[in-house]
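Structure at a glance
Each chain, letter by letter, is given below.
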Amino acid sequence: MTDDAGVDADAETDANDERTADPEVPADPEHESEIPEDHPRYQSLLTRHRIEHGVDLGITSKQGLIAEGRGEAFDYLLGEETLPSADTAARAAAAHLLLAEHPVLSVNGNVAALVPGEVVALAEATGADIEVNLFNRTDERMQAIADHLREHGADDVKGLTADGRIPGLSHERAKVDADGIGGADVVVVPLEDGDRAEALGAMGKTEIVIDLNPMSRSAQVAAVPIVDNIIRAVPNVTRHAEELADASDEELREIVEAFDPEAALADAERAIREGDLD
Ligand code: ATP
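Summary of the structure given here.

What counts and how
- Residues numbered from 1 in each chain as written.
- Predicted model: local features only at pLDDT ≥ 70, side-chain atom pairs only at ≥ 80, totals over all residues.
- Heavy atoms only, no water.
- Axes fitted to C-alpha atoms, helices over the stretch in contact; angles between N-to-C directions.
- Helix = DSSP H or I, 4+ residues; strand = E, 2+ residues; numbered from the N terminus.
- Parallel < 35°, antiparallel > 145°, perpendicular 65-115°, else oblique.
- Contact = heavy atoms within 4.5 Å.
- Expected span 1.5 Å × (residues − 1).
- Pairing = 2+ DSSP bridges.
- Patch = residues over 30% accessible without salt bridge, like charges linked within 9 Å, V, L, I, M, F, W, Y side chains within 5 Å.
- Areas by Shrake-Rupley, 256 points an atom, 1.4 Å probe, with all protein chains shown as cover.
- Salt bridge = Lys/Arg side-chain N within 4 Å of Asp/Glu carboxyl O.
- Lys, Arg positive; Asp, Glu negative; His and termini not counted.
- Charge placed at Lys NZ, Arg CZ, Asp CG, Glu CD.
- Buried < 20%, exposed > 50% of the residue type's maximum accessible area, 1.4 Å probe, protein only.
- Near = heavy atom within 4 Å.
- Polar contact = N/O pair within 3.5 Å; in protein donor to acceptor, adjacent residues only side chain to side chain.
- Nonpolar A, V, L, I, M, F, W, Y, C, P; charged D, E, K, R; others polar.
- Core = buried A, V, L, I, M, F, W, Y, C linked by side-chain atoms within 4.5 Å.

1. Topic: the packing of helix α2 (residues 42-56) against helix α3 (residues 62-77)
Direction vectors running N to C along α2 and α3 enclose 170°, while the axes themselves pass 11 Å from each other. It follows that α2 is roughly antiparallel to α3 by the angle criterion. For the pair formed by α2 and α3, the contact residues are Ser 44, Thr 47, Arg 48, Ile 51 and Val 55 on the first element and Leu 65, Glu 68 and Glu 72 on the second.

Here it is as structure tokens:
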């Protein structure tokens, strides 16, 4: 009896060892390089670390933490990977950006914390401007985000002049640069709030939205909704833009016209509803 119990206990210890055999993550990593890349939750741990660091730097608001939590839940349901339909959307987004007269990438506190260098790379690949655009706008946060983007290689960061307005929004939330989002024909608005996404659409701008929730209003009003985690989506759009760099306008237009936003949203919703949660 005692022996059996001993054997069982050993077996259990072995099983536990196997379950906890994941590479160790420091309780409070100071730098993201301390998170082991082979950890099964690497992407999620990296995201959490970047967002937390963003709050420490004064880039991300506390509300941004909540928005990230909501995003993580959807990412979990989507299997934490890029759906083929999201990849098609990323390609259509790249084609739109390459065809645009004046493309602009809108950056808020979560975007700046999660993908600063990746946004700069996308701007370089597509000739887009970068503009800081905040829901909870304060001068300190605007400045901190602009500095953070410059540290990651951005030459010119718009958003601080705020001499343009988005019609239909209250004062602070309406502010944009007249020669930035105000004058853009195509805007990438990742993690945007629904009101502003609707108002930008009403201004006639082509909107590319990156949002993990296919039911969010922002995703619903977008010409191109990319239902994917921003940390995967931004580099993916850049990759497509680099691949399409030599494509003719006709080829780019074909890609744009073949894209169906409703089908992309429906596919993401189906993946969430029918996904395997093992
Ligand atoms: P709406 O008004 O459009 O319904 P919302 O009120 O849900 O938007 P927020 O609470 O500001 O908007 O949340 C921002 C959105 O960003 C959420 O839909 C969330 O799923 C999404 N999101 C959060 N983190 C990420 C991320 N890392 N990648 C992509 N999307 C994300």
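2. Quick look at α2
The end-to-end C-alpha separation of α2 is 21 Å, in line with the 21 Å expected for 15 residues at 1.5 Å each. Check the buried side of α2 and you find it contacts α3, α5 (109-114), α6 (116-126) and α11 (230-243). Gly 58, located one to two residues past α2, shows a positive phi value of around 80°.

3. Observations concerning the sheet that holds strand β3 (residues 157-158)
The strand order across the open sheet formed by six strands is β3-β2-β1-β6-β7-β8, and the pairing between neighbours is parallel. Of all strands in the sheet, those bounded by a partner on one side alone are β3 and β8 (224-226). Contacts from helix α4 (residues 84-99) reach β1 (103-107), β6 (186-190), β7 (206-210) and β8, with the element oriented near 135° to β8.

4. A word on a negative patch on the surface
Taken together, the side chains of Glu 250, Glu 251, Glu 254 and Glu 257 present a region of like negative charge at the surface. Residue placement: Glu 251 occurs in helix α12 (residues 249-258). For Glu 251, a relative accessible area of 43% translates into the label partly exposed.

5. So, the site of the ligand
Not every one of the 17 residues close to the ligand is listed here, only the nearest: Arg 70, Asp 211, Ser 218, Asn 229 and Ile 230. Asn 229 is positioned such that a nitrogen or oxygen atom in its side chain is 3.0 Å from a nitrogen atom of the ligand. Relative to its unbound accessible area of 640 Å², the ligand is 85% covered by the protein chains. Broken down by secondary-structure element, the contributors of at least two residues to the shell around the ligand are α3 and α10 (217-221). It is α3 that provides the largest number of residues to the shell around the ligand, a total of five residues. Split by residue class, the shell around the ligand holds six nonpolar, six polar and five charged.

6. Overview of the nonpolar core
If you look at the biggest cluster of nonpolar residues, it comprises 50 residues, and the most contacted ones within it are Leu 105, Ile 130 and Ile 226. The element that contributes the greatest number of residues to this core is α4, accounting for seven residues. The residues contacting Ile 130, other than those within four sequence positions of it, are Leu 105, Val 107, Val 119, Val 120, Ala 123, Leu 149, Ala 154, Asp 156, Val 157 and Lys 158. Listed in part, the 13 residues of the second largest apolar core include Ile 166, Ile 181, Ala 184 and Val 187.

7. Regarding the environment of Gly 58
With respect to the secondary-structure elements, Gly 58 resides in the loop between α2 and α3. Accessibility expressed as a relative area gives 31% for Gly 58, which makes it partly exposed. Filtering out sequence-adjacent residues up to four positions away, Gly 58 remains in contact with Arg 141 and Ala 144.

8. So, the side chain of Asp 177
Considering the arrangement of structural elements, one finds Asp 177 in the loop between β5 (175-176) and β6. In this structure the side chain of Asp 177 is engaged in a polar contact, spanning 2.8 Å, whose partner is the backbone nitrogen of Gly 159. In this view, Asp 177 contacts Glu 131, Lys 158, Gly 159, Leu 160, Thr 161, Ala 162, Asp 163, Gly 164, Gly 182 and Gly 183; residues no more than four positions away in its chain are not counted.

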